[in-house]
Amino acid sequence: MSANESKRRIRYALYLKGWSFEKGNPKKLKADALKKEPSEYQKEMEGNIFCPVCFTNLNRVPKDKDHFSNGREAYFGHLPAYKEVDCDLRSEKPEGKRYNSYEEAQKAIDDENLVIVNSFITEKPELPEEPAGEYDETPVEDVAGPISNTPISCHNGESFKLPSKITTVAGICRKFDENLYKYFFFSNQKHAIRLLDLLHNVKDISEEDDSPKLYYGKIVTTTHLGEHKRPDNIRMTYLENNQNGVQDFCLKLKDRHQKSHGITDNSVGRILVAYGTVSENGTGLCFKDLGWGEFALLPKKYENLLP
């Protein structure tokens, strides 16, 4: 596995002094460990940092410097001693997850390792007013959805009837570090895929796509159109895109909808996460007609975890 592959897929290690892969309980590791990015590594952590998926020991490469001589950032990698332990973070292009039985899939849901998403909320829910926190400009609601016939079986043609969620992108963003390595299944997928591998960078999008996907992009400008700045005027929020032939890429929605998600003139530099299709917009591309639960700002503290 190349350094670039490791850096891209192991975004943080679990640090817990004294824990052991051979003798320790993974539930305790997940509950008690600190999440450390490669830039936060210190020498005393050696032997006590673990993979967030397979829980084997990791090391940082290079161990004593934050960068290689060519300027590339340090990364976390698996130790050769555990090469027989299966872990899809070793792979640049994992195939996704299928389950041998209904019981195995249900256990993954119960253990919060698998999320079945039936749909996203389209209208703003009526919730009590609460004080705003670091990110909570809007209320977040993730509710139980219908039983879903989910084709994630290892056996061709077999599906499992599993409980789903009607959820929000804001709910995914709110605990982004925990969600990053969970498997998610959306209705247009053939198998469950880790959130890490579902995220598409708007910067790399060059054409329309009518199949809904999960995207993220950095806000470069945002403009409330109209002379009198009315709430129902369109706000054009432009995202970073460097593809030839694409003049710009924007989120095109009413100002009041964007403002309810914390997007204002002061949002330049923030990361937008959105679930939807990509449409033409003049000589550019855009997200438009997104529902209330289909976009959100990523909390700043998680921006370094993006692939």
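Keep in mind that what you see is a predicted model, and the values were worked out from it rather than measured. Within every chain, residues take consecutive numbers counted from 1 along the sequence as written. Restriction of local features to residues with pLDDT of at least 70 applies here, the model being predicted, together with a cutoff of 80 or more for giving and counting side-chain atom pairs; totals for whole chains, interfaces and linings are based on all residues. Just so you know, side-chain values use all the structure's heavy atoms and leave hydrogens and water out.

Engineer: Lay out the overall build of the protein with the relevant residues and their values.
Structural biologist: Runs of H or I in DSSP of at least four residues are treated as helices and runs of E of at least two as strands, each being numbered from the N terminus. Within the protein one finds seven helices and 17 strands. Compactness check: the protein gives a C-alpha radius of gyration of 21 Å against a globular reference of 19 Å for 307 residues, within 12% of the reference. Projected onto the principal axes, the alpha-carbon positions of the protein cover approximately 65 × 50 × 40 Å. Only protein chains enter the accessibility calculation, which uses a 1.4 Å probe. A residue is then buried if its area is under 20% of the maximum for its type, exposed if over 50%, and partly exposed in between. By residue count, 47% of the 307 residues in the protein fall in the buried class. Whether two residues are in contact is decided by their heavy atoms, any of which lying within 4.5 Å being enough. Pairs at least 24 apart in sequence give 63% of the contacts found in the protein among residues at least 6 apart. Counting every atom, the protein has about 16,300 Å² of accessible surface; 45% of that belongs to carbon and sulfur. By the counting scheme adopted, Arg and Lys are positive, Glu and Asp are negative, and His together with the chain ends is not counted. Every charge is mapped onto a representative atom, which is NZ of Lys, CZ of Arg, CG of Asp or CD of Glu. Separation of charge centres in the protein, based on 44 positive and 48 negative side chains, amounts to 4 Å. Put simply, the radius of gyration uses C-alpha atoms, and a globule should come to 2.2 Å times the residue count raised to 0.38. Working definition of accessibility: Shrake-Rupley area with a 1.4 Å probe, residue cover restricted to the visible protein chains.

Engineer: So what's going on with the pattern of salt bridges? Residues and values would help.
Structural biologist: Think of a salt bridge as a Lys or Arg side-chain nitrogen and an Asp or Glu carboxyl oxygen that are within 4 Å of each other. With the rule as written, the count across this model stands at eleven salt bridges. Ionic pairing is found between Asp232 and Arg256, a salt bridge with its closest N-O pair at 2.3 Å. With Asp232 in the loop between β12 (209–224) and β13 (234–239) and Arg256 in helix α7 (residues 255–259), this pair connects stretches of sequence that are 24 residues apart. On the basis of relative accessibility, which here comes to 39%, the residue Arg256 falls in the partly exposed class.

Engineer: Run through the layout of surface pockets, naming residues and quoting values.
Structural biologist: Space inside the largest pocket adds up to approximately 1,100 Å³. Among the elements of the structure, α2 (26–32), α3 (102–110) and α5 (176–179) are those that each provide at least two residues to the lining of the largest pocket. If one sorts the elements of the lining of the largest pocket by residue count, α2 sits on top with four residues. Classification used: nonpolar for Ala, Val, Leu, Ile, Met, Phe, Trp, Tyr, Cys and Pro, charged for Asp, Glu, Lys and Arg, polar for all others including Gly. Within the lining of the largest pocket, the residues separate by chemical class into 13 nonpolar, two polar and 14 charged. A pocket here means an open set of points on a 1 Å grid, computed over the protein atoms alone, that has protein on both sides within 12 Å along at least five of seven lines. A cavity is instead a set of points where a 1.4 Å probe fits but cannot get out; residues with an atom within 4 Å of a point line either one. Grid points are joined across faces, edges and corners, and a volume is the space filled by probe spheres set on the points.

Engineer: Give me the sheet that holds strand β7 (residues 143–150): which residues, what numbers.
Structural biologist: A sheet is described by the order of its strands in space; here five strands give the open sequence β7-β8-β6-β9-β10, paired in mixed fashion. In the strand order of this sheet, the two ends are held by β7 and β10 (193–194), each with one partner. Inspection of the sheet shows strand β6 (residues 114–120) paired to strand β8 (residues 160–167) by three bridges, in the parallel sense. Directly across from Val117, in β8, lies its bridge partner Lys165. Note on definitions: angles span 0 to 180 degrees between N-to-C directions of axes, and those axes are lines fitted to C-alpha atoms, for helices only across the stretch in contact. Lying over the sheet, α3 contacts β6 and β8, oriented at roughly 20° with respect to β8. Two strands qualify as a pair provided DSSP detects at least 2 bridges between them.

Engineer: Tell me what's going on with the confidence of the model for the protein, and back it up with residues and numbers.
Structural biologist: With 93% of its residues at a pLDDT of at least 70, the protein reaches an overall mean of 90. Long-range and interchain partners of residues 130–138, a stretch whose pLDDT sits below 50, account for twelve contacts in this model, where long-range means more than four residues apart. Note: pLDDT gives the predictor's confidence per residue, expressed from 0 to 100.

Engineer: Tell me about unusual backbone geometry, and name the residues and values.
Structural biologist: Cis rather than trans, the peptide bond between Val61 and Pro62 has omega equal to -10°. For Pro62, the position within the fold is in the loop between β4 (58–61) and β5 (75–78). For Phe55, which is not glycine, the phi dihedral falls at a positive 70°. Mapped onto the elements, Phe55 comes out in the loop between β3 (49–50) and β4. Even without being glycine, Glu112 reaches a positive phi, approximately 60°. On the secondary structure map, Glu112 appears in the loop between α3 and β6.

Engineer: Can you lay out the environment of Lys17 for me, pointing to particular residues and giving the numbers?
Structural biologist: Mapped onto the elements of the fold, Lys17 is located in the loop between β1 (13–15) and α2. You can call Lys17 exposed: its relative accessible area is 67%. Put simply, Lys17 and Leu34 are 17 residues apart on the chain and 9.8 Å apart in space, counted from C-alpha to C-alpha.

Engineer: How would you summarise a negative patch on the surface if you had to cite specific residues and measurements?
Structural biologist: Within this analysis, patches are made of residues with over 30% relative accessible area and no salt bridge. Like charges are joined at 9 Å or less; nonpolar side chains (Val, Leu, Ile, Met, Phe, Trp, Tyr) at 5 Å or less. Side chains of Glu207, Glu208, Asp210 and Glu280 sit close together on the surface and give a patch of like negative charge. By secondary structure assignment, the location of Glu208 is in the loop between β11 (199–201) and β12.

Engineer: Pulling in residues and values, what's your account of the sheet that holds β3?
Structural biologist: Here three strands make up an open sheet; going across it, the order is β2-β1-β3 and the pairing antiparallel. Each having just a single partner strand, β2 (34–36) and β3 make up the two edges of the open sheet. The pairing of β1 with β2 spans three bridges and is antiparallel. Residue pairing in the sheet places Leu14 in a bridge with Lys35 of β2.

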